[in-house]
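# Analysis of the macromolecular model
This is what each chain is made of:
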Amino acid sequence: MDTQTAIMTLGRTEPPSSTVAAALDTLDGEITPEELYAILSRSKVTRLAHAALDGHTGSPWTNRLYELLAEEVRQDDAWQADAAPKMREVVDVVQEFGGRIIKGLCAQSVYPRPELRHLGDVDVQFPQWAAARPLVDWLRERDWVYDTDEMPWLKWHDNGAVYGQVSLVHPDNKNPYARVDLHIGAFSVGHAGLLPLVGWRTGTALGRPATVPGVETSIAITAAHALCDQMLSVKDVNDLHALVSDTTPDWVSVSELCRSVRAQGALARVVNAVRQAYPESTAVLPPDLGEETALELTPPGPEARAEAFAALAHEDERARGADERAATALADSARHYFSADLSPRVADPDGAAAPGDPGRDRCWRLVPREVWETLAETAADDTPAEVTSIELAAGMTLFGGANAWAVRYGRDVFVPTVWGEISRDSLALARRLTAGPA
């Protein structure tokens, strides 16, 4: 058994005892318990590995690995005691408001032992910003706050529709124990790719009724997730296996969905990893998906990640019919985005850095009040005399004047930035809008 297969064996669902023993024989002496634990933790399969090692301890090496896994499971149990009730409450209200649950919670429901799958965020999808507003308002009224590590963002599709993402955490940004990711519109992949989300059905999430994607879309999301992470996660391998074990997908549709965001190579990589980790599986897998994307169990460094997304953006733009010049410009934008320091800071944006031009290559990050207020002591003394407004999407308004920009979404005011620069005039405008009507 090679090292990669051995690692995936320990992190897969229901590995045969003899296979676990063979995996441990392969890894003992090949990798330290600490190094192996780090890989399993990064892949978010420590609960599964902890269960797999039950009955296989005894040597100092396996005892140490089991100890590391047991401590993370203990911490996760404490976290879930707070998080799980909040997450179930969110799943219920998402269903009430007509939203959909995507990603991990959909796969968890079809695991042989759902309690062993990593419990992460509640990933929600709404087709439009206006449709998401009631959920945002509901969360804000219950003291959920905007995530300041992954701030809300928006972009414009070629047809003018606005899409993006809003992330909120509870109870605060210092020690959050629950998180909701609201995906508005199509699923964003890389810098500018968009995975269609189609084929909804009635399912469950955390044991609650939920609207979830069809299996073909869920598999495509799994492949796109691997591509976005630029990593082969054992969790993604397990998710795909659980999804195809529950039903037989239309693999042609899966392939075409993945092709739309250049994720067919990532799909091939994850599918072949399923074959490797689950040799006894009778699940129906496609015979040939073409060349694999080179994804490993450890992620690449920042520079390699930026180059990978630049190449992805170039390929995607050419596939959309753009000429070489336009594709190269988009690739440069992706490289810049994944290499730049995007931390919000006080500075006057130049024309290229100022919010204003919409497009798939212009990511407007919406800096929430929790962040811009910390910069507000440097705000201008007064706001521009003339402030104009434009509706970006239903319920979302951009206010602007001179070198000032602010966005109101519901009862919240944000400062938009592309590369992190926030003008003193924008801070003054945001403060004015927070105080009352424009």
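Just so it is clear, the structure is predicted and the values come from calculations on it, not from any experiment.

Rules and cut-offs
Sequence order sets the numbering: in each chain, residues are counted from 1 along the sequence as written. Thresholds applied to this predicted model are a pLDDT of at least 70 for local features of residues and 80 or more for the giving and counting of side-chain atom pairs; totals over whole chains, interfaces and linings are not thresholded and use all residues. Hydrogens and water are ignored here; the side-chain numbers use all heavy atoms of the structure. Stacked, edge-to-face and tilted are the three classes for Phe, Tyr and Trp ring pairs, Trp counted by its six-membered ring, which pair at centre distances within 6.5 Å; planes under 30 degrees apart are stacked, over 60 edge-to-face, the rest tilted. Numbering of helices and strands runs from the N terminus; a helix is a DSSP stretch of H or I covering at least four residues, while a strand is a stretch of E covering at least two. A 1.4 Å probe rolled over the protein chains alone gives each residue an accessible area, and that area as a share of the maximum for its type sets the label: buried under 20%, exposed over 50%, partly exposed in between. At least two bridges found by DSSP between two strands is the condition for calling them paired.

## Let's talk about the packing of aromatic side chains
According to the stated counting rule, one finds seven aromatic pairs in the structure shown. Both rings, one in Trp156 and one in Trp364, keep their centres 4.8 Å apart while their planes meet at 70°; by these two values the pair is edge-to-face. In this pair, Trp156 is assigned in strand β4 (residues 153–156) and Trp364 in strand β12 (residues 364–367), connecting sequence segments 208 residues apart. On the basis of relative accessible area, Trp156 is assigned to the buried category, the value being 10%. For Trp364, a relative accessible area of 1% gives the class buried. Centroid distance Tyr337 to Phe338: 5.3 Å. Interplanar angle 85°. Geometry classified as edge-to-face. Members of the aromatic cluster, joined through ring pairs, are Phe309, Tyr337, Phe338 and Trp419.

## Looking at the pairing of strand β16 (residues 412–417)
Burial analysis of β16 places six of its six residues in the buried class, the great majority of the element. Along β16, one buried face is formed by Asp412, Phe414 and Pro416 and the opposite face, lined by Val413, Val415 and Thr417, is buried too. In this sheet, β16 lies alongside β12 in antiparallel orientation, the contact comprising three bridges. Bridge pairing in β16 places Arg365 opposite Thr417. Pairing of strand β15 (residues 404–409) with β16, which is carried by three bridges, proceeds in the antiparallel orientation. Following the sheet pairing, Tyr409 is matched in β16 by Asp412.

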